[in-house]
Protein chains: 2
Amino acid sequence: MEPRISLITLGVADLPRSIAFYEALGWRRSLPDLTDTAFFQLGGIILSLYPDLHTDAGVPAGRGPGAVSFAHNVRTEAEVDPTVERLLAAGGTLTAASRPMPWGGRTAYVADPDGFLWEIAWNPGFPLAADGTIHIPEDSA
Amino acid sequence: MEPRISLITLGVADLPRSIAFYEALGWRRSLPDLTDTAFFQLGGIILSLYPDLHTDAGVPAGRGPGAVSFAHNVRTEAEVDPTVERLLAAGGTLTAASRPMPWGGRTAYVADPDGFLWEIAWNPGFPLAADGTIHIPEDSA
């Protein structure tokens, strides 16, 4: 099984509310005529917002945001706080303030309208490539 | 804010159990000397398993797998069922059997040991690039 994630689907409660939040980050919705889902192209993967995820997946309705976070890494430490501000201005909720971490970087966590967590991180040990992808250093050794 | 996800972190309950599951897919753990977390390089992003996510993120412990799924898309319809079998052999639990979908593809959902959902999908409308990345067709129009 090839190591690959193609889409991340969030089972949001209120699709227009979630679209408004992610568009407020400056992210452009793809295929905007769709009414039951929303897609955002994020590099080589797709973020999908889809209230009926539980039906397709065969799991009970009412699951919350869960024990999962999505990291948006930035290239410099100075970019962390303005990126957090951008998420808060879009309607996010700060759950862990920006602070230096034991592993040498800086990070903060912001919840989206459903409580899905975004980690805004600068990690000097895992630098971003020019195209925005991230690679664990041993893999390029 | 650039459209980018760098890492996906799952707040798993039992790190060795989760490592065993993902390694059983044939995925190779990076930096295997780490004891509090596990990393898997998936194309240009990283999958992280981290039991202490809730502490870092400032949210209550005990969140479950949540209303989120991760899609692993394959290149042909014939690859869906063998990929599902691979996940089941690794210890996954089928939550929605492989079936044709109204949008023209085929999909199934399998839960990992914590209940995190993996969608195994073939979508002829969103073909994979040679490097495994996926792009919404309008974006290349």
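Small disclaimer: the values here were computed from a predicted structure and weren't measured. (Residues numbered from 1 in each chain as written. Chains lettered and ligands numbered in written order. Predicted model: local features only at pLDDT ≥ 70, side-chain atom pairs only at ≥ 80, totals over all residues. Heavy atoms only, no water.)

Some words on the overall build of chain A
Note the following rule: Numbered from the N terminus, helices here are DSSP runs of H or I no shorter than four residues, and strands are runs of E no shorter than two. The rule is simple: take the accessible area with a 1.4 Å probe, protein chains only, and divide by the maximum for that residue type; under 20% is buried, over 50% is exposed, in between is partly exposed. We call two residues in contact when some of their heavy atoms are within 4.5 Å. Residue exposure ignores everything except the shown protein chains as possible cover, and the areas themselves are Shrake-Rupley values with a 1.4 Å probe. Under the counting rule used here, the positive set is Lys and Arg, the negative set is Asp and Glu, and His together with the chain ends is not counted. To locate a charge, take NZ of a lysine, CZ of an arginine, CG of an aspartate or CD of a glutamate.
Secondary structure summary: chain A contains three helices and eight strands in total. Beginning at the N terminus, the succession of helices and strands in chain A can be written as β-α-β-β-β-α-β-α-β-β-β. Counting only C-alpha atoms, chain A reaches 40 × 40 × 30 Å along its principal axes. In chain A, buried positions account for 53% of the 141 residues. Restricting the contact set of chain A to residue pairs at least 6 apart, pairs at least 24 apart contribute 47%. Surface summary for chain A: the accessible area is close to 5,700 Å², and the carbon and sulfur share equals 56%. Taking the average location of the 9 positive side-chain charges in chain A and that of its 17 negative ones, the two points are 2 Å from each other.

Describing the sheet that holds strand β8 (residues 117–122) of chain B
Spelled out, the test is: Think of it this way: DSSP has to see at least two bridges between two strands before they count as a pair.
Strand order across the open sheet formed by eight strands is β2(A)-β3(A)-β4(A)-β1(A)-β5(B)-β8(B)-β7(B)-β6(B), with mixed pairing between neighbours. The sheet is open, and its two borders are formed by β2 (29–30) of chain A together with β6 (93–100) of chain B, each paired with just one other strand. When strand β3 (residues 38–42) of chain A meets strand β4 (residues 45–49) of chain A, the two strands line up antiparallel, connected through five bridges. Bridged to A:Q41 within β4(A) is A:I46.

Describing the interface of chain A and chain B
Selection criterion: What counts as buried area is the accessible surface, traced by a 1.4 Å probe, that two parts surrender upon association, with contributions from both included. One side-chain nitrogen of Lys or Arg within 4 Å of one carboxyl oxygen of Asp or Glu is enough to make a salt bridge. We call two N or O atoms a polar contact when they sit within 3.5 Å, provided that within protein one can donate a hydrogen and the other can accept it, with sequence-adjacent residues counted only if both atoms are side-chain atoms. Side-chain classes are defined by residue name, with Ala, Val, Leu, Ile, Met, Phe, Trp, Tyr, Cys and Pro counting as nonpolar, Asp, Glu, Lys and Arg as charged, and the others, Gly among them, as polar.
Counting residues at the interface gives 65 residues for chain A, matched by 65 residues for chain B. Summing the contributions of chain A and of chain B, the shared interface buries around 5,800 Å²; its carbon and sulfur component is 58%. When the buried surface of chain A facing chain B is broken down by residue, A:M1, A:R4 and A:I5 rank first, second and third, together holding 15% of it. Inspection of the region where chain A meets chain B yields two salt bridges. Taking the shortest distance from any N to any O, the salt bridge between B:R75 and A:E2 comes out at 3.2 Å. On the surface where chain A and chain B come into contact, there are 37 residue pairs in polar contact (both at pLDDT 80 or more). Counting residues per element, the side of chain A that touches chain B draws most heavily on strand β5 (residues 68–73) of chain A, which supplies six residues. Residue composition of the side of chain A that touches chain B, by class: 35 nonpolar, 19 polar and 11 charged. As paired strands, strand β1 (residues 7–10) of chain A and strand β5 (residues 68–73) of chain B are joined by four bridges and run antiparallel to one another. When the sheet's bridge partners are listed, A:I8 is paired in β5(B) with B:F70.

Comments concerning the environment of A:G104
Residue and element names in this part refer to chain A. In this fold, G104 is placed in the loop between β6 (93–100) and β7 (106–111). Counting along the chain gives 73 residues from G104 to L31, while the straight-line C-alpha distance between them is 40 Å. Not counting residues within four places of it along the chain, the set of residues in contact with G104 comprises W122 and P124.

Some thoughts on the packing of aromatic side chains
All names here are of chain B. Rules: Each Phe, Tyr or Trp ring, with Trp reduced to its six-membered ring, pairs with another whose centre is within 6.5 Å; inter-plane angles below 30 degrees give stacked pairs, above 60 give edge-to-face pairs, and intermediate values give tilted ones.
Under the definition given, this model contains 14 aromatic pairs over all chains. Their ring planes at 25° and their centres at 6.0 Å tell us that Y22 and W27 sit as a pair that is stacked. The same class applies to Y22 as to W27, namely buried. Geometrically, the ring pair formed by F70 and W118 is tilted, given 5.7 Å between the ring centres and 50° between the ring planes. Note that F70 is positioned in strand β5 and W118 in strand β8, a separation of 48 residues in sequence.

Let's talk about the nonpolar core
Soluble globular proteins: nonpolar side chains tend toward being buried together. The line we're drawing: In this text, buried Ala, Val, Leu, Ile, Met, Phe, Trp, Tyr and Cys residues form a nonpolar core when linked through side-chain atoms within 4.5 Å.
Among the nonpolar cores identified, the biggest contains 61 residues, and A:I8 and B:I8 are the most heavily contacted of them. Once residues within four sequence positions are removed from consideration, A:I8 is found in contact with A:I45, A:I46, A:L47, A:S48, A:F70, B:I5, B:I8, B:V68, B:S69 and B:F70.

Digging into the sheet that holds strand β1 (residues 7–10) of chain B
Strand order in this open sheet of eight strands is β6(A)-β7(A)-β8(A)-β5(A)-β1(B)-β4(B)-β3(B)-β2(B), and the pairing throughout is mixed. The open sheet terminates on both sides in strands that have one partner only, identified here as β6 of chain A together with β2 (29–30) of chain B.

Details of the environment of A:A61
Residues and elements named next belong to chain A. Tracing the backbone shows A61 in the loop between α2 (53–57) and β5. Using a relative accessible area of 54% as the deciding quantity, one classes A61 as exposed. Through-space distance from the C-alpha of A61 to that of W118 is 23 Å; in sequence the pair is 57 residues apart.

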